Amino acid sequence: MDCCRPFQMASTSMSNLYQPLNPQEIRVLALLPNSIADAAIRCKLFPVVITDSGAFAHNRAVQYQALSYVWGDARDRGTIYVDETPFLATTNLITALRRIRDAGRRKILWVDAVCINQSDTKERNHQVSMMAAIYTHAHSVLMWLGGEEDDSNLAMELLSLLNDVFTPAAGQDWDSRIARFDRLLTHSSFDRHWNALQALFKRPYWTRLWIVQEVVLNRERLLGCGSRITTFFSTTVLFNTRSSLFHKQSAVSRAALSGPGAGHVKTLVYAVMSDRAVVSLLEGLLLGRQRYASLGVDQVYGILSLVDPGERPFRPDYGKSTRQVFREVVRYSIESTKSLDVLTACKEIDPVFEEKLREVVAVTGYLDDQVPSIQEKFAPAGSFSDQTHKPWPSWVPDWSLAVIEHTEIVYLLLSKPAPTFYQAAGQSEAQVNFNEDAETLSVSGFEFDRVAYIGRSSLAGRDRPAGRDRPDLEIDWDWDWYHSLSDIPNAYGNDGETEKAIRLLHLLGRDCRGNEVANPFSWFFNKFWGKANLNSTAGNGIPTSHSPHLQIERRAGASSSVNPSLQPHSIGAAAPLQTPNNADSTPDVFADIFKTAQLTYSSGSVFATRRGFLGRGPHSTKPGDLVCVLHGGRVPFVLRQSGDSETFCLLGECYVQGIMKGEAVEDLNLASRDFVLK
């Protein structure tokens, strides 16, 4: 479903095509039969009533198939005939209808572009609010990927073969199925099929926000592309068992399941396999943030059908602006949960991306196919009719940000699985005050400290040292940098505790499953950080001295401040650090934690506070910024004072080693105050 594109598909002669709908009604489409493949598409519209028991017309049950697809380029259109009225439809939709059309009998469909009067805002609002019922009561959902190209027939053939393996006919024994499966995964005769599947996963369909609810809400899922249709079941099994297949796969089949595009397919599969019909509003927004919608408001409206009815704060209203809807989300979330969890979704735009974005806007005056929230931030005055000319409020998350950047966003609090041990503000509840006119949010809390220095492992772009994504080198750099800061105290005491703090900082205090790390000196984490390499030499038989672990041993000797588990790992043959490049021999848990660490490094800047605490915050963090613990906040936040005014900009969440479990609130006598965020 992509029903809310900011353009009109239908011709102006269609004013009489749509009759008003009753509250429980939708329209369905009768696709008329034709045996001639390229004959014009002709169809009829009629209303049906949606009840808890299904769809009905004149007290008779109606079976319909819902189409899930991407509208495609609005400039590439053709004519179909709806009740004999010419109707402009995109080529992708016309291709889908030709494939679905039967030679001898009509097909009953629900197709958003035709069944909803796109020029009637009131009807759009009503029909979008009924999406859950529309897709739940359809007898099946056809996930239309588009026409045949890039060997897509081979990709669909592969999925059909896999489906035969996963849903065997009677009499097929287990051993023969496993043998067939292994051949599909590894034999070179299927390399072209896997390459085609990788291309299929790169199609725009998988990136769309609306498809999540369309696919999740119905259990009969069909996958269509070109002339072929198969079930979605084989795709779900492939991704659900991907980790166990890791050692069996060829390089080509592995690339198809882990290469570009596969991430969107994987998250859709996980949403399907979770078997959860409803999620919280915040969970839905996070899921949608990884996908693209044509309108900013659809980042919210496009997931409402998945949200628990008790957590749907409003009905779709396409008369509201993106910033208004996003502000309403923040207000509802804080007032209903008494927490500031939603503020941790405030993320900055990567500086490199921002520079490129400004260049595009400066040349073109607009951003093709980008959502309004980004346009409002960076477009020059007068570029858009809904331009507000106001800065985007720092306390309002931009739910379209991740898709625009095409990168993964790293969350401290909202990552999955959630590290619930974070309780920076203890058990306190949020104390806030909204000023809608001024677009400000007043929050109560404590100023814990101020940023004194930014670590050199946080350098960006060409100034970033080579090998920055090596976890062991990151620790070395941070160790050397922290000990060079002579004008601030060491908040962690001795060298052993300092190294422990640095290790925990690089994991944000958690392992790859979201659990609190109790012992970052354990064998597992020593292995992860390449601890067996500490006795490597510089080519002259002399051990390298750059490692902080060797520095600790030299400074502290056999001091009790050095964790004993360090010492055995400085003996024996060196073992290579496990990375995705040699992942064939890497257990999944090591690959997961390595990826987590790499994402952590790209998630923000390492800093030291005036009290000597180490933290990781937004990329834009700089000396003088405030590190605050706010009531109702499970993580600290970085704020920046706006010049000489008494207002602040929320830069984002941060991790500070040593205060994530309420220590700042419990152990320090800090005065509570209000911070007005603009």
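All of these numbers come straight from a predicted model, not from anything done at the bench.

Draft legend 1. Broad picture of the overall build of the chain. A count of helical and extended segments in the chain gives 24 helices and 20 strands. By the burial criterion, 53% of the 678 residues in the chain qualify as buried. Taking as baseline every contact in the chain between residues at least 6 positions apart, the subset at least 24 positions apart corresponds to 72%. As displayed, the chain offers around 28,900 Å² of accessible surface, 50% of which is attributable to carbon and sulfur atoms.

Draft legend 2. Geometry of helix α5 (residues 152-166). Spanning 15 residues, α5 covers 21 Å between terminal C-alpha atoms, matching the ideal 21 Å at 1.5 Å per step. Counting buried positions along α5 yields eleven of 15 residues, so the element is predominantly enclosed. Along α5, the residues classified as buried are S152, N153, L154, A155, M156, L158, L159, L162, N163, V165 and F166. In this structure, the buried residues of α5 make contact with α6 (174-186), α7 (191-201), β10 (221-225), β11 (228-231) and α9 (233-240).

Draft legend 3. Representation of α6 in the model. The terminal C-alpha atoms of α6 lie 18 Å apart, and with 13 residues this matches the ideal 18 Å at 1.5 Å per residue to within 8%. Along α6, the residues that are buried comprise R177, F181, L184 and L185. An end-on view of α6 places all buried positions within 95° of arc, on one side of the element.

Draft legend 4. How the structure looks around the nonpolar core. In this structure, Y64, W194, W206, V300, L343 and W399 are the most contacted members of the largest nonpolar core, which totals 176 residues. When residues in this core are grouped by element, the largest group, eight residues, is from α5. If sequence neighbours within four positions are ignored, V300 has contacts with L285, F314, V325, F326, V329 and W399.

Draft legend 5. Focus on the environment of Y81. Among the secondary structure elements, Y81 is positioned in strand β6 (residues 77-82). For the pair Y81 and I41, spaced 40 residues apart in sequence, the C-alpha to C-alpha distance is 6.1 Å. Beyond its immediate sequence surroundings of up to four residues, Y81 is in contact with A40, I41, R42, C43 and P86.

Draft legend 6. The arrangement of the side chain of R323 in detail. Summarising the element assignment, R323 is placed in helix α15 (residues 322-337). Within the structure, the side chain of R323 is placed 2.9 Å from the side chain of E439, a separation counted as a polar contact.

Draft legend 7. Region of the structure containing the packing of aromatic side chains. Counted by the stated rule, this structure contains 16 aromatic pairs. Geometrically, the ring pair formed by Y482 and Y492 is tilted, given 6.5 Å between the ring centres and 50° between the ring planes. Of the two residues, Y482 is situated in helix α19 (residues 471-483) and Y492 in the loop between α19 and α20 (495-507); the sequence distance between them amounts to ten residues. In terms of burial, Y482 and Y492 fall into one category: buried. Aromatic side chains Y492 and F613 sit 5.9 Å apart centroid to centroid with 75° between the ring planes, which places their arrangement in the edge-to-face category. Placement of the pair is Y492 in the loop between α19 and α20 and F613 in the loop between β14 (605-609) and β15 (614-617), with a sequence separation of 121 residues. A connected cluster of aromatic rings, assembled from ring pairs, spans F201, Y205, W206, F232 and F239. One Lys or Arg, R42, reaches over the ring of Y81 and ends 4.5 Å from the middle of that ring. Over the aromatic face of F448 sits the side chain of R611, whose NZ or CZ is 5.4 Å from the ring centroid.

Draft legend 8. Seen up close, unusual backbone geometry. Positive phi, close to 65°, is recorded for N59, a residue that is not glycine. Looking at where N59 falls in the secondary structure, it is placed in the loop between β3 (54-57) and β4 (60-61). Positioned with a positive phi, L508 is a non-glycine residue whose angle comes to about 55°. Note on placement: L508 falls in the loop between α20 and α21 (523-528).

Draft legend 9. Inspection of the confidence of the model for the chain at higher detail. Mean pLDDT over the chain works out to 79, with 73% of the residues at or above the 70 mark. Predicted confidence for residues 3-12 stays below pLDDT 50, and this span has 33 contacts to residues more than four positions away or in other chains. Within the model, pLDDT remains below 50 along residues 459-468, and this stretch shows 14 contacts once partners closer than five positions in the same chain are excluded.

Draft legend 10. A look at the pairing of strand β7 (residues 85-90). Here β6 runs beside β7; their pairing, made up of six bridges, is antiparallel. Paired with I80 across the bridge in β7 is F87. The turn joining β6 and β7, which pair antiparallel and follow one another in sequence, is formed by two residues; a positive phi near 50° is taken by D83.

Draft legend 11. Geometry of the environment of A96. Here A96 lies in helix α1 (residues 91-100). For the pair A96 and G146, spaced 50 residues apart in sequence, the C-alpha to C-alpha distance is 7.1 Å. Beyond its immediate chain neighbours, meaning those up to four positions away, A96 contacts L67 and W144.

Draft legend 12. Just the pattern of salt bridges, in detail. Taken as a whole, this structure holds 16 salt bridges when the rule is applied. We note a salt bridge from R42 to E84, for which the minimum N-O separation is 3.0 Å. You can see R42 sitting in strand β2 (residues 42-51) and its partner E84 sitting in the loop between β6 and β7, a full 42 residues away along the chain. On the basis of relative accessibility, which here comes to 53%, the residue E84 falls in the exposed class. The salt bridge involving E439 is made with R327; its shortest N-O contact spans 2.5 Å. With E439 in the loop between β12 (432-435) and β13 (440-454) and R327 in helix α15, this pair connects stretches of sequence that are 112 residues apart. The exposure class of E439 is buried, given its relative accessible area of 10%.

Draft legend 13. Summary view of the packing of α9 against helix α12 (residues 262-273). For the pair α9 and α12, interaxial distance at closest approach is 9 Å and the crossing angle is 100°. In terms of orientation, α9 lies roughly perpendicular with respect to α12. Judged by residue contacts, T235, T236, F239 and N240 of α9 engage A262, V265, K266, V269, Y270, V272 and M273 from α12. The class makeup of the residues in the contact of α9 with α12 is seven nonpolar, three polar and one charged.

Draft legend 14. Local environment of the side chain of N163. Along the chain, the position of N163 falls in helix α5. A residue is classified by how much of its surface remains accessible, and N163, at 12% relative accessible area, is buried. With residues up to four places along the chain from it excluded, the contact list for N163 reads T230, T231, F233 and S234.

Draft legend 15. Structural detail: the state of the cysteines. One pass over the full model with this rule turns up zero disulfides. Cysteine C115 remains unbridged, with the sulfur of C43 as its closest cysteine sulfur at 8.4 Å. Residue classification places C115 among the buried residues on the basis of a relative accessible area of 0%. Free of any disulfide, C649 has its nearest neighbouring cysteine sulfur in C346, separated by 9.3 Å.

Parameters at a glance
- Residues numbered from 1 in each chain as written.
- Predicted model: local features only at pLDDT ≥ 70, side-chain atom pairs only at ≥ 80, totals over all residues.
- Heavy atoms only, no water.
- Helix = DSSP H or I, 4+ residues; strand = E, 2+ residues; numbered from the N terminus.
- Buried < 20%, exposed > 50% of the residue type's maximum accessible area, 1.4 Å probe, protein only.
- Contact = heavy atoms within 4.5 Å.
- Areas by Shrake-Rupley, 256 points an atom, 1.4 Å probe, with all protein chains shown as cover.
- Expected span 1.5 Å × (residues − 1).
- Arc of directions from axis to C-beta.
- Core = buried A, V, L, I, M, F, W, Y, C linked by side-chain atoms within 4.5 Å.
- Polar contact = N/O pair within 3.5 Å; in protein donor to acceptor, adjacent residues only side chain to side chain.
- Phe/Tyr/Trp six-rings, centres within 6.5 Å; stacked < 30°, edge-to-face > 60°.
- Lys NZ or Arg CZ within 6 Å of the ring centre and 35° of its normal.
- pLDDT = per-residue confidence, 0-100.
- Pairing = 2+ DSSP bridges.
- Salt bridge = Lys/Arg side-chain N within 4 Å of Asp/Glu carboxyl O.
- Axes fitted to C-alpha atoms, helices over the stretch in contact; angles between N-to-C directions.
- Parallel < 35°, antiparallel > 145°, perpendicular 65-115°, else oblique.
- Nonpolar A, V, L, I, M, F, W, Y, C, P; charged D, E, K, R; others polar.
- Disulfide = S-S within 2.5 Å.

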